[in-house]
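Read off the chains here:
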Amino acid sequence: MKTIIEPFRIKSVEPIHFTTVEERETLLKQASYNPFLLKAQDVIIDLLTDSGTNAMSTEQWAGIMRGDESYAGSSSFYHFKSVIQGITGMPVVIPTHQGRAAEKILFTHLGGKGKYVLSNTLFDTTRANIEYSGAEGVDLLCPEGKQPSLIAPFKGNMDTTALENFIGEKGAANISMVIITVTNNSGGGQPVSMENIKAVSGICRQHGILFFIDACRFAENCWFIREREAGYKGWPVREIAKELFSYADGCTMSAKKDSFANIGGFLALHDEKMAEQFMTTLVITEGFPTYGGLAGRDLEAIAIGLKEVMDEDYLLYRIRSIEYIGEQLEKEGIPFIKPTGGHALYLDAAAFLPHIPAEQFPGLALCAALYVEGGIRGVEIGSVMFGKYDSEGNPIPAPMELVRLAIPRRVYTQSHMDYVTEVIVDVFKKRHAVSGYKIAYEAPFLRHFTARFEPLL
Ligand SMILES: *Cc1c(COP(=O)(O)O)cnc(C)c1O
């Protein structure tokens, strides 16, 4: 088989600003060792997130010019709506400025004290919106999804036995909905099988519980179904997506992921009565229903991006580019979550730096080392992000110490990925010299964004 090449040519380029190891040591120190506080121009390869960092196509840029900025009834909205209706089969389409705005509307109406929202794994903004409404979010991930080094095809699946037990225990009336995240972002970008979606949907219907999909990475998930699930080989991704959405009552999506846009989101559903309530909140918080917090040009770019993302040549390249880094790391015995996910590779920092205890933040230490060595910015998903304190102020570590390297869509080439691999390998060779960190300042909530650190030398 020949090399799988990037299925695009580069028409517009953005220069990368190079820095030396010595400069990066100073820059990181100035950023108090927190990669979130670095300036983007001081980063060589930015793998902080795949959210809103997509490269748009020539068609999308043309769509930006065609965008209809009419306040009401913009033709860009009708384009956006018809594309989403075509993919999801859902008649009601509500545009929002981001995915979390769709979540806010959904849980303002369907959350509330005493209610439960069940998921494979809730993304952090989804959980925050559920909890803000007074409801409780519960993750019921399948057992395979909890073992980082276990190779299994659908580690994002929901545990259907746990779901049935939960319904039996708490009663269907207290469960406002089940929402499955595809792919499972917080669980390593692992896919959910069609069989699992169908089973969860069946259980929900049997008990009269609403079933939604957090569809941020639906196309990547559909690609995994095509490659890994019996009966879908060679299917057009569009058909797989159609079946996937056919099991749901509604969906939320951040257009900053699988629609190649830099901003946007939406909420789509079948129930027009329920949608009337949502529209009231939409008008108060986002805008008139035919733009919902977005410019006409954004609606246009999203509509075009949603069609492009289901292209099989693109998805082959996309999924393969992440798998490719994994293969290189595997040869060197570098620990990461297996198999590689749809949008990111997750290094297992606890195994990478076993001499650094959780209280000294091995994930942060690895992020810092990758930045100094090669100007790569990843994100810690471990005890900085999810660590807590007990009643005596002793640290309670997170269940895993990970570094996520999220790959922006259509932005980097294979040589960039080769460079990333080389930097990781170089850090691995010097890993014994990497030391831990302590917190010098932290905010009471979401401390990872603004915390300042000091190295423990
Ligand atoms: C990014 C994301 C969201 C939130 O979307 P925003 O556009 O960032 O508000 C929700 N769910 C998942 C799975 C995501 O990845």
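Cut-offs used in this document
Residues numbered from 1 in each chain as written. Predicted model: local features only at pLDDT ≥ 70, side-chain atom pairs only at ≥ 80, totals over all residues. Heavy atoms only, no water. UniProt positions renumbered as here; feature names shortened; annotations may be inferred. 1 Å grid on protein atoms, 1.4 Å probe; cavity = no way out; pocket = protein on both sides within 12 Å on 5 of 7 lines; lining within 4 Å. Points joined across faces, edges and corners; volume = space filled by probe spheres on them. Helix = DSSP H or I, 4+ residues; strand = E, 2+ residues; numbered from the N terminus. Nonpolar A, V, L, I, M, F, W, Y, C, P; charged D, E, K, R; others polar. Domains from an automatic or database assignment. Buried area = accessible area lost by both parts, 1.4 Å probe. Salt bridge = Lys/Arg side-chain N within 4 Å of Asp/Glu carboxyl O. Pairing = 2+ DSSP bridges. Axes fitted to C-alpha atoms, helices over the stretch in contact; angles between N-to-C directions. Contact = heavy atoms within 4.5 Å. Buried < 20%, exposed > 50% of the residue type's maximum accessible area, 1.4 Å probe, protein only. Lys, Arg positive; Asp, Glu negative; His and termini not counted. Polar contact = N/O pair within 3.5 Å; in protein donor to acceptor, adjacent residues only side chain to side chain. Near = heavy atom within 4 Å. Areas by Shrake-Rupley, 256 points an atom, 1.4 Å probe, with all protein chains shown as cover. Parallel < 35°, antiparallel > 145°, perpendicular 65-115°, else oblique. Left-handed = near helix turned anticlockwise from the far one by under 90°.

An unreviewed UniProt entry annotates the protein chain as Tyrosine phenol-lyase originating from Pararcticibacter amylolyticus. One UniProt comment on the protein chain, placed under Sequence similarities (unreviewed entry), says "Belongs to the beta-eliminating lyase family." According to the UniProt record, the Cofactor (unreviewed entry) comment for the protein chain is "pyridoxal 5'-phosphate".

(A) Summary view of the layout of surface pockets. Its boundaries defined by the atoms lining it, the second largest pocket holds a volume of some 1,300 Å³. In terms of lining residues, the second largest pocket is bounded by 34 residues, among which S12, E14, A55, R410 and V411 are the most central. Looking at the lining of the second largest pocket, the elements with two or more residues in it are β1 (45-46) and α2 (58-66). The residue inventory of the lining of the second largest pocket, partitioned by class, reads 17 nonpolar, 10 polar and 7 charged.

(B) Seen up close, the domain arrangement of the protein chain. Per the domain assignment, the segments of the protein chain are domain 1 (21-50 + 311-455) and domain 2 (58-308). For domain 1 and domain 2, the distance between their C-alpha centroids amounts to 27 Å. Carbon and sulfur atoms supply 57% of the area buried between domain 1 and domain 2, which totals about 2,100 Å² over both sides. Residue E220 is joined to R409 by a salt bridge in which the shortest nitrogen-to-oxygen separation is 3.3 Å.

(C) Geometry of the UniProt feature "domain: Aromatic amino acid beta-eliminating lyase/threonine aldolase" (unreviewed entry) in the protein chain. The sites that UniProt annotates as "domain: Aromatic amino acid beta-eliminating lyase/threonine aldolase" (unreviewed entry) are residues 46-422. From the first C-alpha to the last, residues 46-422 spans 15 Å; its make-up is 44% helix and 15% strand.

(D) Spotlight on the sheet that holds strand β2 (residues 92-96). Spatial strand order, β2-β8-β7-β6-β5-β3-β4: 7 strands in an open sheet with mixed pairing. Only two strands of the sheet have a single neighbouring strand rather than two, namely β2 and β4 (136-139). Put simply, the sheet's adjacent strands are angled 20° from each other on average, direction ignored. Relative to strand β8 (residues 265-269), strand β7 (residues 250-254) is paired through 5 bridges, and the arrangement is antiparallel. Its bridge partner lying in β8, G250 is registered against L269. Strand contacts of helix α10 (residues 272-285): β2, β6 (210-214) and β8, with the helix running at about 20° to β2, the strand carrying the most contacts.

(E) Inspection of the side chain of R404 at higher detail. Examined against the element boundaries, R404 turns out to sit in strand β14 (residues 402-406). The side chain of R404 is buried and forms no salt bridge, while D50, the nearest opposite charge, is found at 5.0 Å. Only 3.1 Å separates the side chain of R404 from the backbone oxygen of L48, close enough to count as a polar contact. Within the local environment of R404, its side chain forms a polar contact with the side chain of N185, the two groups lying 3.5 Å apart.

(F) Structural view of the environment of P339. By the element assignment, P339 lies in the loop between α12 (312-331) and β9 (344-348). Non-local contacts of P339, meaning those with residues more than four positions away in its chain, are made with L150, I151, A152, K155, Q190 and R228.

(G) Examining empty space enclosed by the protein more closely. Overall, the coordinates contain 3 cavities of 30 Å³ or more when judged by the stated rule. Empty space within the largest cavity amounts to approximately 80 Å³. Forming the boundary of the largest cavity are N34, P35, F36, L48, L364, G378, V379, E380, V384, H448 and F453. Taken together, the residues of the lining of the largest cavity break down into 7 nonpolar, 3 polar and 1 charged.

(H) Representation of the pattern of salt bridges. Enumeration over the complete set of coordinates arrives at 19 salt bridges. One salt bridge in this structure joins E59 and R66, with 3.9 Å as the shortest N-O distance. Accessibility expressed as a relative area gives 42% for E59, which makes it partly exposed. For R66, a relative accessible area of 49% corresponds to the partly exposed category.

(I) View of the site of the ligand. Taken together, 14 residues form the shell around the ligand, and within it R100, D214, R217, S254 and K257 come nearest. Contact between the ligand and R217: an oxygen atom at 2.9 Å from a side-chain N or O atom of the residue. The protein chains hide 97% of the 380 Å² of surface that the ligand would expose on its own. It is helix α4 (residues 99-110) that provides the largest number of residues to the shell around the ligand, a total of 3 residues. Residues that form the shell around the ligand fall into these classes: 2 nonpolar, 6 polar and 6 charged.

(J) Representation of the packing of helix α8 (residues 218-228) against α12 within the structure. Axis separation between α8 and α12 bottoms out at 10 Å; the angle between their running directions is 85°. In this view, α8 runs roughly perpendicular relative to α12, as classed from their interaxial angle. Between α8, through A219, E220, W223, F224 and R226, and α12, the contact on the second element is made entirely by E312, Y314, L315, L316, R318 and I319. Class assignment for the residues of the contact of α8 with α12 results in 7 nonpolar, no polar and 4 charged.

(K) Region of the structure containing the packing of α2 against helix α11 (residues 296-308). Between α2 and α11, the least distance of the axes is 7 Å, while the angle of their chain directions is 155°. The orientation of α2 with respect to α11, classified from their angle, is roughly antiparallel. The handedness of the crossing between α2 and α11 is right-handed. Residue-level contacts link E59, Q60, G63, I64 and R66 of α2 to R297, E300, A301, I304, G305 and E308 of α11. Residues that form the contact of α2 with α11 fall into these classes: 3 nonpolar, 3 polar and 5 charged.

(L) Just the UniProt feature "modified residue: N6-(pyridoxal phosphate)lysine" (unreviewed entry) in the protein chain, in detail. UniProt records the feature "modified residue: N6-(pyridoxal phosphate)lysine" (unreviewed entry) at K257, using the numbering of this structure. Along the chain, the position of K257 falls in the loop between β7 and β8. Under the relative-accessibility criterion, K257 is labelled buried at 7%.

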